[in-house]
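This is what each chain is made of:
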Amino acid sequence: MMKTTLKYNIPETLAQRSKLRKAIDSFVSEKQLSPPLSMEQLSDMATQLSQKHELEPGTQGWLMVELNNCVWRETVASIPFEKRILLLPKCLSNSAKCKADVDEFGLLCNLCSNCSIPDLQDKAESLGMMSIVAEGFTSVISLIENKVVDTVIGVSCLHSLEKAFPLLINHAVPGLAIPLNNDGCKDTTVDLAYVNQLMSLHSEKESNMLDYNQLKHTLHEWFSKDNLQQVLSPLSDPTSLIAREWLSNDGKRWRPYLLAASYLALSGEKEIPKELQLAAIAIECFHKASLVHDDIEDDDDLRYGKETVNAAHGVPMAINVGDMYLGEGYRLLAQCGKMELIKVAAEAHLALCKGQGLELGWSRHPRQFNMDFVLEVFCNKTVPAFDVSLMMGVICSNNDLHLRQQLNDYSRALGIAYQLQDDIEDFETDAPLSTRPSAVLAAMFELHPDEDFINALLYSTDLKAFLGTKQNTAILKSAINKVQELVEAYRLQAIQALEGVKNIELKRLLFRVTKKILK
């Protein structure tokens, strides 16, 4: 993954810093930027500002941090003070006079007034904010993840932000970072008026921050055996019992999660209507049907370390279970009262069958293939899994057609990146390899188009051993590097597809999803 390095030069005087902050405000307003922004976007914009104002290249990092502050300011202002935390560095203390103790959580200030820390903590307390004196933003990420707080206002040197800033960006944390005015590990300074200004930000606009942990808990309840007993067809035949059992098993449930989270982000609602629960369960039924049928077609006995339905109950019963999932899915969607939901589900279903059919056809007649063929399989077999969830979330909220196109572009890029990454992981584990249309194999064909090599690769009875030779290992490594470059290219495409999305909470959601899915 491309690394954007922060440079440590800070504009020397308060007048220079204030002037540049005003220029950044104008830049963000002119371009109508909304958060979150990626590291790549921040870097490009910092370069534009640096060139326009003829700044030293080393100011890039400072500009990136201040740009990020500017786009998040309005969101932070809407977050209640009690859901904010002020993070201060120990190096703000007076090293010659400081008598404070330090424990595992940070510095325990004695309120001696020999530095700016007591005044800043008093200000935070008067506003109702929490505050801690510790090094690095990583110390408060868990507080944000667990909804103890929703935002962090942190003072730090650019050297420390080198590690923490990408973490905040990738997790789409609505945080503000105030760079120290000088580097070093003691007796540092900061623009105190600026810190107080950012701490005091307030807006009457209500914050709409999603509680992701609560949503996961809600999903767990939806897929409990008791709830499925109420929602699915009230039958007690063997097929129905197996279908309900497998649907209630633990899983990531990305599809229902994306559907519910996108709806909540777009609608601004706090409660989830019954129709949305039905749609979420329907989309998981479709997913389970594809897994059951895929295991039959590939003659797999295990999935995620457990017996497949066909291994546990036989192929005829597994076919029937998969078919029941499809029937249940469409029945549930019909109860939602929106025909558009059925339409997008059917289109995704057809695309999945096409993608699987391309793989099955190749398996019957193995032959050399290129990356275009692999991407066609991905676009039909993997992309719809992401796309249909988001489309349903939009349909259930406002059915914005322009947004649907933006999310379609995002889903295509994310789905391809995810499957490319999955292909790489297959070649980096100790598990046996099966020959199938893989991006890594396509890259190997392109890098080493020797007919004997290609035939040996296609018809190898032990692909892992064949690729383990010294010469072939080098080819494999080059192929993996090439596919990894594609992963990064499609990751960037996914983030770029979100640039025009104005709903901040939806954009935050998808930044987080991108980070979690592309581990």
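Residues numbered from 1 in each chain as written. Predicted model: local features only at pLDDT ≥ 70, side-chain atom pairs only at ≥ 80, totals over all residues. Heavy atoms only, no water.

Attention shifts here to the pairing of strand β6 (residues 176-179). Of the two faces of β6, the one carrying Leu176 and Ile178 and the one carrying Ala177 and Pro179 are both buried. As defined by bridge partners, strand β5 (residues 151-156) adjoins β6 across 4 bridges and the pair is classed as parallel. Its bridge partner being in β6, Ser156 is matched across the sheet by Pro179. The parallel pair β5 and β6, bridged by helix α6 (residues 158-170), forms a crossover whose chirality is right-handed. (Buried < 20%, exposed > 50% of the residue type's maximum accessible area, 1.4 Å probe, protein only. Helix = DSSP H or I, 4+ residues; strand = E, 2+ residues; numbered from the N terminus. Pairing = 2+ DSSP bridges. Right-handed = clockwise from strand over helix to strand, strands pointing away.)

As a further point, take the sheet that holds strand β1 (residues 84-88). Here we have 4 strands laid out as an open sheet, ordered β4-β1-β5-β6, and parallel in their pairing. Two strands bound the open sheet, and with one partner strand each, they are β4 (130-133) and β6. With strand direction ignored, the average angle separating the axes of adjacent strands in the sheet is 15°. As judged from the 4 bridges shared by β1 and β4, these two strands associate in the parallel manner. When the sheet's bridge partners are listed, Leu88 is paired in β4 with Val133. Lying on the sheet, helix α3 (residues 60-78) is in contact with β1, β5 and β6; it crosses β6 at an angle near 140°. (Axes fitted to C-alpha atoms, helices over the stretch in contact; angles between N-to-C directions. Contact = heavy atoms within 4.5 Å.)

This brings us to helix α12 (residues 274-298). The end-to-end C-alpha separation of α12 is 36 Å, in line with the 36 Å expected for 25 residues at 1.5 Å each. Across the 25 residues of α12, 20 count as buried, placing the element largely inside the fold. Looking one or two residues beyond α12, the residue adopting positive phi is Asp299, at roughly 55°. (Expected span 1.5 Å × (residues − 1).)

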